[in-house]
Amino acid sequence: MSQLLEKIDKSRLPRHIAIIMDGNGRWAKEQGQDRLFGHFHGVESVRNIVEGCAELGVEYLTLYAFSTENWDRPEYEVMGLMELLVSTIRKEVESLDKNNIRLHVIGDMQMLPESARAELKEALDFTKDNTGLQLIMALSYSGRWELLNAVKNIAKEVKAGHLDPEQIDQNTLQQFLCTGDFPDPELMIRTSGEYRISNFLLYQLAYAELYFTNVRWPDFRKENLYEAIVDFQGRERRYGKTSDQITESTVNQ
Ligand code: IPE
Ligand code: IPE
Ligand code: MG
């Protein structure tokens, strides 16, 4: 067993890990290849990390696969990514199902080509009864899009008389986000050396621990995931309190 894996305290796993899978393009370029070659190899990392999370018993994994802003990339790359998405889902859905993994998507599905939407719908349906790892793909997603959408829908409910503005609390808002059914991520990982959120889960990451690594996404494997989890477990999560308050409450537990 890997030494890093042994260091993980299974009783204190993050329930929800979110990952910004970045660096496919640079990885490909470094090998003198086309950017799509990088995306293609990134799929192997997805497979490996999904497996790693399922083996550990992580309950939720959210993967940022395509942002609202990524639509502005060259058409050739966008088309290539969409094709890769369709073919990957088709290839992987049975293995997801066999491993009791349920697929979810968050994002603006209206933006996706019909073929991708149909493939996704089938995969969501196929895995809907699975109770193991909940795999959430963020596709055509951005935090600002999500918040705007939530505000619009809340306004509609108010206008229709179903919701009293005075009754709106954090719980209500949370229910109107795409992630209403999921707990907030405790750990957010970004690969490839960029130190930013890039419009990912802006509301949900409020108290997430952030972990950045220089490893490019196509090189990211279970060992790298374990390293991030070990790092996470070494942190003190204070939620605005003092360190003493936190240690006291753990001692008294
Ligand atoms: C992440 O890799 C994948 C997507 C955003 C779809 P990039 O394509 O952003 O790779 P870099 O950042 O250009 O290296
Ligand atoms: C964020 O990566 C989006 C995904 C990984 C899907 P980007 O590569 O698009 O982010 P920026 O442009 O570097 O901020
Ligand atoms: Mg990038």
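Residues numbered from 1 in each chain as written. Chains lettered and ligands numbered in written order. Predicted model: local features only at pLDDT ≥ 70, side-chain atom pairs only at ≥ 80, totals over all residues. Heavy atoms only, no water.

Peer 1: I would appreciate a short explanation of the packing of helix α4 (residues 75-98) against helix α5 (residues 114-126) in the present structure.
Peer 2: At a minimum axis separation of 10 Å, α4 and α5 run at an interaxial angle of 5°. When the axes of α4 and α5 are compared, the pair comes out roughly parallel. Contacts between α4 and α5 involve Leu-85, Val-86, Ile-89, Arg-90, Val-93, Glu-94 and Asp-97 on the former and, on the latter, Ser-115, Ala-116, Glu-119, Leu-120, Ala-123 and Phe-126. For the contact of α4 with α5, the class distribution of residues is 8 nonpolar, 1 polar and 4 charged. (Axes fitted to C-alpha atoms, helices over the stretch in contact; angles between N-to-C directions. Helix = DSSP H or I, 4+ residues; strand = E, 2+ residues; numbered from the N terminus. Parallel < 35°, antiparallel > 145°, perpendicular 65-115°, else oblique. Contact = heavy atoms within 4.5 Å. Nonpolar A, V, L, I, M, F, W, Y, C, P; charged D, E, K, R; others polar.)

Peer 1: What exactly am I supposed to notice about the site of ligand 1 here?
Peer 2: Neighbouring ligand 1 are 13 residues, the closest being Asp-22, Gly-25, Arg-26, Arg-35 and Arg-73. Within the side chain of Asp-22, one N or O atom sits 2.8 Å away from an oxygen atom of ligand 1. The backbone of Gly-23 places a nitrogen or oxygen atom 3.3 Å from an oxygen atom of ligand 1. Relative to its unbound accessible surface of 380 Å², ligand 1 loses 88% to contact with the protein. Breaking the shell around ligand 1 down by element, the ones donating at least two residues are α2 (24-30), α3 (35-56) and α4. Here the shell around ligand 1 takes 3 residues from α2, the largest share from any one element. Each residue belonging to the shell around ligand 1 can be placed in one class, and the counts come to 3 nonpolar, 5 polar and 5 charged. (Near = heavy atom within 4 Å. Polar contact = N/O pair within 3.5 Å; in protein donor to acceptor, adjacent residues only side chain to side chain. Areas by Shrake-Rupley, 256 points an atom, 1.4 Å probe, with all protein chains shown as cover.)

Peer 1: Before we go on, may I ask you to explain the environment of Gly-42 in this structure?
Peer 2: Take Gly-42: it is sitting in helix α3. For the pair Gly-42 and Asp-22, spaced 20 residues apart in sequence, the C-alpha separation works out to 9.2 Å. Apart from residues no more than four positions distant in its own chain, Gly-42 is found in contact with Asn-24, Trp-217 and Pro-218.

Peer 1: Any chance you could explain the packing of aromatic side chains here in plain terms?
Peer 2: Where two aromatic rings form a pair, the distance of their centres and the angle of their planes describe that pair. One pass over the full model with this rule turns up 9 aromatic pairs. A ring pair is formed by Phe-66 and Trp-71, whose centres lie 4.8 Å apart and whose planes are at 75°; its orientation type is edge-to-face. Considered together, Phe-66 and Trp-71 belong to a single accessibility category, that of buried residues. Measuring from centroid to centroid gives 6.3 Å for Tyr-141 and Phe-200, while their planes differ by 90°, and the two rings are edge-to-face. Highlighted residues: Tyr-141 in strand β4 (residues 134-141) and Phe-200 in the loop between β5 (187-190) and β6 (209-212), separated in sequence by 59 residues. When its relative accessible area of 0% is taken as the criterion, Tyr-141 is described as buried. Aromatic ring contacts, followed pair by pair, group Tyr-64, Tyr-141 and Phe-200 into a single cluster. (Phe/Tyr/Trp six-rings, centres within 6.5 Å; stacked < 30°, edge-to-face > 60°. Buried < 20%, exposed > 50% of the residue type's maximum accessible area, 1.4 Å probe, protein only.)

Peer 1: Got a minute to help me understand the site of ligand 2 in this structure?
Peer 2: Neighbouring ligand 2 are the residues Ile-20, Met-21, Asp-22, Tyr-64, Ala-65, Phe-66, Asn-70, Arg-73, Arg-190, Arg-196 and Ser-198. Here an oxygen atom of ligand 2 and a side-chain polar atom of Arg-73 are 3.3 Å apart. In isolation ligand 2 offers 390 Å² of accessible surface; the protein chains occlude 77% of this area. The biggest single contributor to the shell around ligand 2 is strand β2 (residues 60-67), with 3 residues. Residue composition of the shell around ligand 2, grouped by class: 5 nonpolar, 2 polar and 4 charged.

Peer 1: Help me understand the side chain of Ser-45, please; the structure alone is not making it clear to me.
Peer 2: Assignment of secondary structure puts Ser-45 in helix α3. Given a relative accessible area of 0%, Ser-45 falls into the buried group. A polar contact is formed between the side chain of Ser-45 and the backbone oxygen of Trp-217, at a distance of 2.7 Å. Excluding residues that lie within four positions of it along the chain, Ser-45 makes contacts with Trp-217, Pro-218, Asp-219, Phe-220 and Arg-221.

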